[in-house]
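Examination of the molecular architecture
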Amino acid sequence: MNRFEGKTVLVTGGNSGMGLTTAQAFASEGARVIITGRDTATLAAAKETLGAGSLAIANDAGSVAAARELAQRLAAADIRLDAVFINAGIAKFAPLADVEESMWDQTFDINVKGAFFQIQALAPLLNEGASIVLNGSINARIGMPASSVYAASKAALISLAKTLSADLLSRGVRVNVISPGPVATPLHAKLGVTGDVVAQLQSQIPIGRFGRASEIAATVLHLASPESGFIVGTEIVIDGGMSQL
């Protein structure tokens, strides 16, 4: 399939994990892909996998100035966008008594403020009928201990999918959000999700396993394509039944 032939797509945080897998899926279907990330080494490696015509841009997802600089750089290159996957984010967990203001600020700066102002900055560059997909989390839907700050930031994205849809719909731009459950990515190792923790999490997933990054990518591509044209301001949960059954 070449649903994105001749289309240009931006994936924030596209240098690893779900972001990179989704960027590769877009590229495999003909899109010109632009990825962002903070780590220049992984950005360069990711760009190699995406092939000719792709762009990899170092960008701080928690900075409003960086959001505007990215939009300015794309505008200067006369680039317009057909789809945006706001994927860049941070996941930190701590019991209520241990949460510090710095953790709250960093989480909301990257997961909410950065996402909002990146969309604001990119809005003039969106083609008619463009699609924006936000990367949420089922943590916004379940009462997992020690997840309060992270869950609240993802709940904000679910709200933004609705309100930003209302703001942008007159231009034919749709905004939706995906909420993944546990997905096998390098992030889990960084968070210490190994061994017994993996087994405990898997026991809570009715389907009996973690999700695959390719399964997340498939849903993002569906929401970014015209075939989902009647889906607006909606959350799609991708969690193997963890928050549903």
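All figures in this text were calculated on a predicted structure; none of them were measured in a lab. (Residues numbered from 1 in each chain as written. Predicted model: local features only at pLDDT ≥ 70, side-chain atom pairs only at ≥ 80, totals over all residues. Heavy atoms only, no water.)

**A short note on the sheet that holds strand 5 (residues 126-135)**
As summarised here, the arrangement of the seven strands in space is 3-2-1-4-5-6-7, forming an open sheet in which the pairing is parallel. The open sheet has two edge strands, strand 3 (55-58) and strand 7 (235-238), and neither has a second partner. Each strand of the sheet is rotated relative to its neighbour by a mean of 15 degrees, with strand direction disregarded. Note that strand 2 (residues 32-37) and strand 3 share four bridges and pair parallel. Across the sheet, the residue bridging to isoleucine 35 is alanine 56, located in strand 3. (Pairing = 2+ DSSP bridges. Helix = DSSP H or I, 4+ residues; strand = E, 2+ residues; numbered from the N terminus. Axes fitted to C-alpha atoms, helices over the stretch in contact; angles between N-to-C directions.)

**Structural notes on the pattern of salt bridges**
Within this structure, the stated rule accounts for six salt bridges. The salt bridge partner of glutamate 227 is arginine 3, with a shortest N-O separation of 2.9 Å. In this pair, glutamate 227 sits in the loop between helix 8 (213-224) and strand 7 while arginine 3 sits in the segment before strand 1 (8-11), placing the two residues 224 residues apart along the sequence. In this structure glutamate 227 comes out as partly exposed when scored by relative accessible area, which is 47%. Linking glutamate 235 and arginine 141 is a salt bridge whose minimum nitrogen-to-oxygen distance equals 2.5 Å. Pair noted here: glutamate 235 is in strand 7 and arginine 141 is in the loop between strand 5 and helix 5 (148-168), with a separation of 94 residues, a long-range link. The network of salt bridges with shared partners includes Arg3, Glu29 and Glu227. (Salt bridge = Lys/Arg side-chain N within 4 Å of Asp/Glu carboxyl O. Buried < 20%, exposed > 50% of the residue type's maximum accessible area, 1.4 Å probe, protein only.)

**Points about the packing of aromatic side chains**
For the structure shown, the criterion picks out four aromatic pairs. Aromatic side chains phenylalanine 4 and phenylalanine 26 sit 4.9 Å apart centroid to centroid with 80 degrees between the ring planes, which places their arrangement in the edge-to-face category. Of this pair, phenylalanine 4 sits in the segment before strand 1 while phenylalanine 26 sits in helix 1 (residues 17-28); the two residues are 22 residues apart in sequence, bridging distant segments of the chain. There is no split in this pair, since phenylalanine 4 and phenylalanine 26 are both buried. (Phe/Tyr/Trp six-rings, centres within 6.5 Å; stacked < 30°, edge-to-face > 60°.)

**Remarks on empty space enclosed by the protein**
Overall, the coordinates contain two cavities of 30 Å³ or more when judged by the stated rule. Computed from the structure, the largest cavity encloses a volume of approximately 80 Å³. In terms of lining residues, the largest cavity is bounded by Thr12, Thr36, Asn59, Asp60, Ala61, Ala67, Ile86, Ala88, Ile110, Gly114, Ala115 and Gln118. Ranked by residue count, the leading element in the lining of the largest cavity is helix 4 (residues 101-122), at four residues. Among the residues making up the lining of the largest cavity, the classes are represented as six nonpolar, five polar and one charged. Quantified by volume, the second largest cavity comes out at close to 40 Å³. When the residues that make up the lining of the second largest cavity are grouped by side-chain class, the tally is three nonpolar, three polar and one charged. (1 Å grid on protein atoms, 1.4 Å probe; cavity = no way out; pocket = protein on both sides within 12 Å on 5 of 7 lines; lining within 4 Å. Points joined across faces, edges and corners; volume = space filled by probe spheres on them. Nonpolar A, V, L, I, M, F, W, Y, C, P; charged D, E, K, R; others polar.)

**Description of unusual backbone geometry**
Although it is not a glycine, aspartate 78 adopts a positive phi angle of roughly 60 degrees. Note on placement: aspartate 78 falls in the loop between helix 3 (64-76) and strand 4 (81-86). Phi angles above zero are rare outside glycine, and alanine 146 is one such case at about 70 degrees. Position of alanine 146 relative to the elements: it lies in the loop between strand 5 and helix 5. On the basis of relative accessibility, which here comes to 29%, the residue alanine 146 falls in the partly exposed class.

**Some details on the UniProt feature "domain: Ketoreductase" (unreviewed entry) in the protein chain**
Following the UniProt record, one finds the feature "domain: Ketoreductase" (unreviewed entry) at residues 7-181. Helix makes up 45% of residues 7-181 and strand makes up 21%, while its end C-alpha atoms are separated by 29 Å. (UniProt positions renumbered as here; feature names shortened; annotations may be inferred.)

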